[in-house]
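# Chain and residue survey
Residues per chain, in single letters:
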Amino acid sequence: MDDKKIIFSGVQPSGVLTIGNYLGAVKNWVELQEEYNCLFSIVDLHAITVQQEPAKLRQRCMEFLALYLACGLDPEKCLLFFQSHVPQHAELSWALTCTTYMGELSRMTQFKDKTRNKQDANIGAGLFNYPVLMAADILLYQTDLVPVGVDQKQHLELARNLAERFNRIYGDVFKVPEPYIPKMGAKIMSLADPTKKMSKSDENVNSYISVIDDADTIIRKIKRAVTDSDNRIIRGEGKEGIENLMTIYGSMTGRSYEEIEQEFEGKGYGEFKAAVGEAVAEGLKDVREKYNYLLQNKDYLKEVAKNGSDNAYKMAARTLRKVHRKLGFVDRF
Ligand code: AMP
Ligand code: TRP
């Protein structure tokens, strides 16, 4: 293995990938794969913490693999795999569960949010233990850096604590991972309410653009985006909608806010929105075409996933073997 640092991130196979995810995260990953040894896993074990329809889950997992490839992740440069294909995730999760405190897991804000107004009797133990599984994902690969959004910071902190605790009790096994803060991922706001983050789980489909929306849909959604009545393409108080469109346009075309202001000086929102719609449709055209092509090529997708999990398996097995030794398990005969 070369001496590049290791990056791990998990992707939930749920919802759709929006231009928020694309411009804020996935585009960054495409750059990371040049500099680091990256592992990106589609975390199906995490997905079943809430009940799934099996046929849909299977379909969605393949679609997500196709999506990430279409966005530019290159299986020659990073490992892409399904979490359930590497059984060590679940195995390490158990070992870590035994050194995790109920108190720690009860303090996870995502768990508290997801279980608010529910009775203990009806809360799945998987949902409670989910951050331990996430820690196992990360620690299995001796990960140096984990690119995550703010909502996952607390889970990453737990992974660090669990690594340090295990190392202290049983002796050094795990690298203690650090969060990776991307240089500048654009934050994309909702098209319906520009004070809110664009989110794939928003029930209003006009509030987000999926990376595989067709050109007409993209142009229509941008046209309907909430703005203001000032009719000037500049940033400022009360102009969050316009600023958001400027951010989107800038991220797609590589232009700065100043350049965009100059380009549209004296022009109205109609013309600006048309230009943004065109730029987004054009920028995502390749993604959409590649995605559709890949979905027709299941054998290729399977080969990518197999190669990814074969390689991930080897790395994971090495760590788990050490863990078993430290714990005092008898070697396999
Ligand atoms: P999520 O879809 O919330 O699970 O987020 C997956 C990744 O995409 C995280 O790294 C987020 O920070 C990023 N992301 C999600 N929505 C946006 C957005 N509207 N703008 C920028 N980045 C986003
Ligand atoms: N929990 C993360 C999410 O919901 C997904 C995830 C699972 C993950 N395992 C991970 C992210 C390991 C980073 C590292 O988005």
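Just so it is clear, the model here is predicted, and its values are computed rather than measured. (Residues numbered from 1 in each chain as written. Chains lettered and ligands numbered in written order. Predicted model: local features only at pLDDT ≥ 70, side-chain atom pairs only at ≥ 80, totals over all residues. Heavy atoms only, no water.)

Close to ligand 1 lie Gly20, Asn21, Gly24, Ala25, Gly149, Ala186, Lys187, Ile188, Lys197, Met198 and Lys200. Interatomic distance of 3.4 Å between a side-chain N/O atom of Lys200 and an oxygen atom of ligand 1. Relative to its unbound accessible area of 480 Å², ligand 1 is 72% covered by the protein chains. Of the residues belonging to the shell around ligand 1, the class tally is 4 nonpolar, 4 polar and 3 charged. (Near = heavy atom within 4 Å. Polar contact = N/O pair within 3.5 Å; in protein donor to acceptor, adjacent residues only side chain to side chain. Areas by Shrake-Rupley, 256 points an atom, 1.4 Å probe, with all protein chains shown as cover. Nonpolar A, V, L, I, M, F, W, Y, C, P; charged D, E, K, R; others polar.)

With that settled, consider helix 13 (residues 298-327). Taking 1.5 Å of rise per residue, the 30 residues of helix 13 would be expected to cover 44 Å, and the 41 Å separating its terminal C-alpha atoms lies within 8% of that figure. Within the span of helix 13, buried status applies to Leu301, Val304, Ala305, Gly308, Ser309, Ala312, Met315, Ala316, Ala317, Thr319, Leu320 and Val323. With its phi angle positive at about 95 degrees, Gly328 sits one or two positions after the end of helix 13. (Helix = DSSP H or I, 4+ residues; strand = E, 2+ residues; numbered from the N terminus. Expected span 1.5 Å × (residues − 1). Buried < 20%, exposed > 50% of the residue type's maximum accessible area, 1.4 Å probe, protein only.)

So, about the domain arrangement of the protein chain. Often, the extent of an interface is quoted as the loss of accessible area upon association of its parts. Split into domains, the protein chain comes out as domain 1 (6-185 + 297-327) and domain 2 (214-283). Domain 1 puts 4 residues into the contact, and the matching count from domain 2 is 4 residues. When the buried area of domain 1 at its contact with domain 2 is split by residue, Ile19, Tyr22 and Leu23 rank highest and sum to 88% of it. Here domain 1 and domain 2 share 1 residue pair in polar contact (both at pLDDT 80 or more) between them. Classifying every residue of the side of domain 1 that touches domain 2 gives 3 nonpolar, no polar and 1 charged. (Domains from an automatic or database assignment. Contact = heavy atoms within 4.5 Å. Buried area = accessible area lost by both parts, 1.4 Å probe.)

Quick look at the environment of Tyr293 now. Along the chain, Tyr293 falls in helix 12 (residues 269-295). Classification of Tyr293 as exposed rests on a relative accessible area of 54%. As a C-alpha pair, Tyr293 and Phe8 span 285 residues in sequence and 27 Å in three-dimensional space.

According to the stated counting rule, one finds 12 aromatic pairs in the structure shown. An angle of 75 degrees between the planes, with centres 6.2 Å apart, marks the rings of Tyr36 and Tyr180 as edge-to-face. You can see Tyr36 sitting in the loop between helix 1 (19-35) and strand 2 (37-42) and its partner Tyr180 sitting in strand 5 (residues 178-180), a full 144 residues away along the chain. The exposure class assigned to Tyr180 is buried, which follows from its relative accessible area of 12%. Between Phe264 and Phe272, the aromatic rings sit 4.9 Å apart at their centres with planes inclined by 70 degrees, giving edge-to-face as the arrangement. Judged by relative accessible area, which is 0%, Phe272 ranks as buried. By the ring-pair criterion, three or more aromatic residues cluster together here, those being Trp29, Phe40, Phe64 and Tyr68. Of note, Lys114 hangs over the ring of Tyr130, and the distance from its end group to the ring centre comes to 5.8 Å. Taking the ring centre of Tyr257 as reference, the NZ or CZ of Arg235 above it sits at 3.8 Å. (Phe/Tyr/Trp six-rings, centres within 6.5 Å; stacked < 30°, edge-to-face > 60°. Lys NZ or Arg CZ within 6 Å of the ring centre and 35° of its normal.)

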